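Working through the structure, step by step
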Amino acid sequence: ANEWKYPVMVKPVDSSGSKGITKIIDPNQLEEAFQYALGYSRLKIILIEEYIEKVGPQIGGDGFFGDSHLDFVCYGDQVVDEGINGYVPCGMKFPTRLDEKMQSRITSDIERAIQLSGLKKLSFNLEVMIDKNNNVYLMELGPRNGGNCIPEVIQNYTGVNMVGLAVEAAMGNKLSINPVKSNHCFAYYALHSNVSGIYKGFHLTDNFKGILNGSYIFLKEGDKIGVFLGSNQTIGILLLEFSDRNDMNEFFNNPSVYVTVTVKKE
């Protein structure tokens, strides 16, 4: 451990939703981070990896790989709540602000990775980082659609039914892919709390400038909720639409102005 270059990331190999992850800056923090990660690993295997100093937001999204190449991919910009945990996504904005050249590079890397795996007819979720030298890091290619309703947001944005693609591919059928991108911006927002307590509901304020296309609320009023340290503490998902990107950015810069979550401390 003393030979590693710090900081490093300590992770369970088989968790999800950023649960069990810690960034440590010296060896004295290793044991606590290791035990924390162990608590979220079913296999009881821990990964310790180099820390990547990313530039810009982490890139996420979903795609579909056919027989030999990518038939479709859609990139979004991930949002985190830095005031609570900078590694747990609380939103994703579409379209991404990445330029076409960088998107093409990422698409080429993803396509090559899946080709080398030998897998075909594959729906996948992606997470990508880019560093200050424009190096591309494929952080994750998960062989399933993304969580937090990412497929629904992508369908709202492009018209491509990601869930339908996955189901039809599993049945050996084909589904036509004809993306038609909207001029509007789309996003999901994960309702969450910065305190533990009893969930008492949420509401969008009069200042909200977008459209609520749907919501999935996992808790009932009166249920307990913890601090948003992992996706297991998500209250629910809001599917959002904005006619203007500035309005979307304004929402995510300060969500508490536009959506109020009421939690009674115990």
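To be clear, the structure that these remarks concern was listed above.
Residues numbered from 1 in each chain as written. Predicted model: local features only at pLDDT ≥ 70, side-chain atom pairs only at ≥ 80, totals over all residues. Heavy atoms only, no water.

Each aromatic ring pair is described using two quantities: the centre-to-centre distance and the angle formed by the ring planes. Applying the stated rule across the entire model yields eleven aromatic pairs. Their ring planes at 70° and their centres at 5.9 Å tell us that F208 and F242 sit as a pair that is edge-to-face. Here F242 lies in strand β13 (residues 236-242) and F208 lies in the loop between β10 (197-204) and β11 (211-217), a separation of 34 residues in the sequence. Neither residue differs from the other here; F208 and F242 are each classed as buried. (Phe/Tyr/Trp six-rings, centres within 6.5 Å; stacked < 30°, edge-to-face > 60°. Helix = DSSP H or I, 4+ residues; strand = E, 2+ residues; numbered from the N terminus. Buried < 20%, exposed > 50% of the residue type's maximum accessible area, 1.4 Å probe, protein only.)

We now examine the state of the cysteines. Covalent bonding between the sulfur atoms of two cysteines defines a disulfide. Evaluated as defined, the whole model comprises zero disulfides. Unpaired in this structure, C90 has its nearest cysteine sulfur neighbour in C149, at a distance of 14 Å. C90 gets classed as buried once you look at its relative accessible area, which sits at 3%. Free of any disulfide, C185 has its nearest neighbouring cysteine sulfur in C74, separated by 12 Å. (Disulfide = S-S within 2.5 Å.)

What follows covers the side chain of H192. Tracing the sequence through the fold places H192 in the loop between β9 (185-191) and β10. For H192, a relative accessible area of 8% translates into the label buried. Here the side chain of H192 touches D81 through a polar contact of 2.8 Å, side chain to side chain. Setting aside residues no more than four positions away along its own chain, H192 makes contact with D81, I84, C90, F228, Q233, I235 and V261. (Polar contact = N/O pair within 3.5 Å; in protein donor to acceptor, adjacent residues only side chain to side chain. Contact = heavy atoms within 4.5 Å.)

Following the sequence through the fold, V136 ends up in strand β8 (residues 136-142). As for V136 and K54, which are separated by 82 residues in sequence, their C-alpha atoms are 9.6 Å apart. Excluding anything up to four places from it in sequence, V136 contacts M102, R105, I106, D109, V128 and M129.

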